Amino acid sequence: MTSNKEIKTLVERDFRHFHEHPELSYQEFETTAYLRKELERAGVTILDTGLKTGLVARLGDGSGPVIALRGDIDGLPIQEETDLPYKSQEAGRMHACGHDFHTAAVLGAALLLKEKEKDLHGTVKVIFQPAEEAPGGAKTVMETGAVDEVQAIFGIHIIGNVPVGTYAIRSGAVTAAVDTFKITFRGKGSHGAHPDRGLDPVVAAANFVGAVQTIVSRNSDPFAANLVSVTHIQGGNTWNVIPETAFVEGTTRTMTKADRELVESHIRVMAEHIAQAYGEQADVEWIPGPPATLNDPAWSDFSARIAREQGINVVPAPSNLGGEDFAYFLEKIPGTYIQIGIGNTYSNHHPKFQLDPAALYPASEYLVRLAEAALGKLQKGQK
Ligand code: NI
């Protein structure tokens with residue numbers, strides 16, 4: 001038996017270890033080895049998923065209802081600029097998005113659940129997910145089949161400038177679908193003094209950049225949160241030559257499936273028709289990223305209620321046009337993305353980002369209570 005107090009000490013130590021040794025997406029080998037060692041020492045079953053980095057552990061014997069807890073484990077290519085005693089020891093790498101916190105909090109929950117494994121009314125899968133920042137590690141985990149029979153899933157993320165002891169939980173979309181477009185306008189090159197002998201792709205691209213801004217203002221619901229940003233434009237390489245092609249890329253953010261389709265189709269139509277108006281061609285490449293993170297209403301209310309019962313203050317989660325690959329899980333499995341206040345800080349992904357570790361162990365305790373209660377709810381539903 002390990003006492004809760006000992007587990008608290010372990011989790012706090014593990015958090016500092018993860019913070020000191022961040023690893024980039026799909027390179028989380030040391031982090032995975034460390035997790036494996038800690039879980040094996042406690043006697044927790046680790047599933048044979050074939051994941052190269054990250055792992056899935058299991059509490060309970062696999063019978064009864066199945067829920068999952070997910071923490072992402074990767075860091076970012078950022079040089080840390082804090083003066084924390086446990087600042088990153090890896091040059092150019094930093095846990096600047098709190099994934100060290102998520103890893104340690106979920107590990108703490110696994111260790112606490114192990115102590116009461118016999119009393120569990122079902123099975124808890126604990127997912128240490130690689131490559132959230134890639135993004136797409138969630139898909140990698142899903143492809144192993146490890147979450148096929150999971151009936152409810154809960155993910156955590158720290159939220160800055162929300163006090164310790166406060167969680168932000170809300171049903172509906174809390175982060176956006178993140179898509180990328182890459183467009184090549186194909187014209188005909190010529191001398192800068194003889195535009196009549198060519199087809200100028202720079203003019204078509206420039207028109208597109210202006211016109212594309214009207215998709216959100218003219219085509220989508222004014223109350224909806226949609227966004228189109230052109231972030232990269234390139235055409236030609238000198239002053240007196242009209243180039244053959246011009247390239248434009250950018251990102252779109254949408255909160256619903258319908259808006260996602262609307263924005264994509266308008267971008268395609270606009271690029272192709274603007275090119276056509278100049279006698280040119282537009283090649284449109286659309287690269288879909290994660291969908292919007294869509295919290296299930298019933299599980300969101302449930303997660304908020306359990307938090308309040310634990311003495312945690314619950315506020316509605318803000319909408320955020322950032323992306324989160326936990327959304328892939330929520331596309332298939334109902335559940336909730338729970339945001340945990342970590343006090344005032346620079347924003348995440350900033351080199352001076354830091355969080356208050358006082359939020360850590362209570363998060364482990366909360367996840368344990370949430371897991372037990374969710375299994376209880378599912379078991380009742382099955383009867
Ligand atoms: Ni993150």
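Preceding this section is the structure that the text describes.
As the structure is a computational prediction, the values presented were derived from the model and not from experiment.

Peer 1: Honestly, the coordination of the nickel ion in this entry has me stumped. Any pointers?
Peer 2: Six octahedral donors around a metal ideally subtend angles of 90 or 180 degrees, whereas four tetrahedral donors ideally subtend 109.5 degrees. Here the nickel ion is held by the protein donor atoms C97 (SG), H99 (NE2) and H157 (NE2), which lie 2.1 to 2.3 Å from it. In the primary structure, the donors to the nickel ion are separated according to the pattern C-x1-H-x57-H. For C97, a relative accessible area of 6% gives the class buried.

Peer 1: Is there a simple way to explain the pattern of salt bridges in this structure?
Peer 2: Two side chains with opposite charge may pair up if their charged atoms get near one another. A full pass over the atoms with the stated rule returns 19 salt bridges. Between K352 and E81 there is a salt bridge, with its nearest N and O atoms 3.9 Å apart. Of this pair, K352 sits in the loop between β16 (335-341) and α10 (360-382) while E81 sits in the loop between β3 (66-72) and α3 (99-115), placing them 271 residues apart in sequence. Assessed through its relative accessible area of 44%, E81 is described here as partly exposed. Here R369 makes a salt bridge to E372, at a shortest N to O gap of 3.1 Å. Taken as a pair, R369 and E372 lie in helix α10 at a separation of three residues, close to a single helical turn. Looking at E372, the relative accessible area reads 23%, which means it is partly exposed. Salt bridges here are not isolated pairs; linked through shared partners, they connect R13, D14, E38 and R41.

Peer 1: In this structure, what is going on with the packing of helix α1 (residues 4-20) against α3? I would like to understand it.
Peer 2: To characterise two packed helices, one gives the angle between the axes of the helices and the distance between these axes. Running from amino to carboxyl end, α1 crosses α3 at an angle of 155 degrees, the nearest separation of the two axes being 9 Å. Our classification of the angle between α1 and α3 gives roughly antiparallel. For the crossing formed where α1 meets α3, the hand is right-handed. Contacts from N4, I7, L10, V11, D14, F15, F18 and H19 in α1 reach D100, F101, T103, A104, L107, G108, L111, L112 and E115 in α3. Residue composition of the contact of α1 with α3, grouped by class: ten nonpolar, four polar and three charged.

Peer 1: Quick question: what am I supposed to make of the packing of α1 against helix α2 (residues 29-41) here?
Peer 2: For the pair α1 and α2, interaxial distance at closest approach is 11 Å and the crossing angle is 165 degrees. Classified by the angle between their axes, α1 and α2 sit roughly antiparallel to one another. Crossing handedness for the pair α1 and α2: right-handed. Taken together, the residues of α2 that come into contact with α1 (itself represented by L10, R13, D14, H17 and F18) are T31, Y34, L35, E38 and R41.

Each value, and the rule that gives it
- Residues numbered from 1 in each chain as written.
- Predicted model: local features only at pLDDT ≥ 70, side-chain atom pairs only at ≥ 80, totals over all residues.
- Heavy atoms only, no water.
- Donors = N, O, S within 2.8 Å, 3.2 Å for Na, K, Ca; no water.
- Buried < 20%, exposed > 50% of the residue type's maximum accessible area, 1.4 Å probe, protein only.
- Salt bridge = Lys/Arg side-chain N within 4 Å of Asp/Glu carboxyl O.
- Helix = DSSP H or I, 4+ residues; strand = E, 2+ residues; numbered from the N terminus.
- Axes fitted to C-alpha atoms, helices over the stretch in contact; angles between N-to-C directions.
- Parallel < 35°, antiparallel > 145°, perpendicular 65-115°, else oblique.
- Left-handed = near helix turned anticlockwise from the far one by under 90°.
- Contact = heavy atoms within 4.5 Å.
- Nonpolar A, V, L, I, M, F, W, Y, C, P; charged D, E, K, R; others polar.

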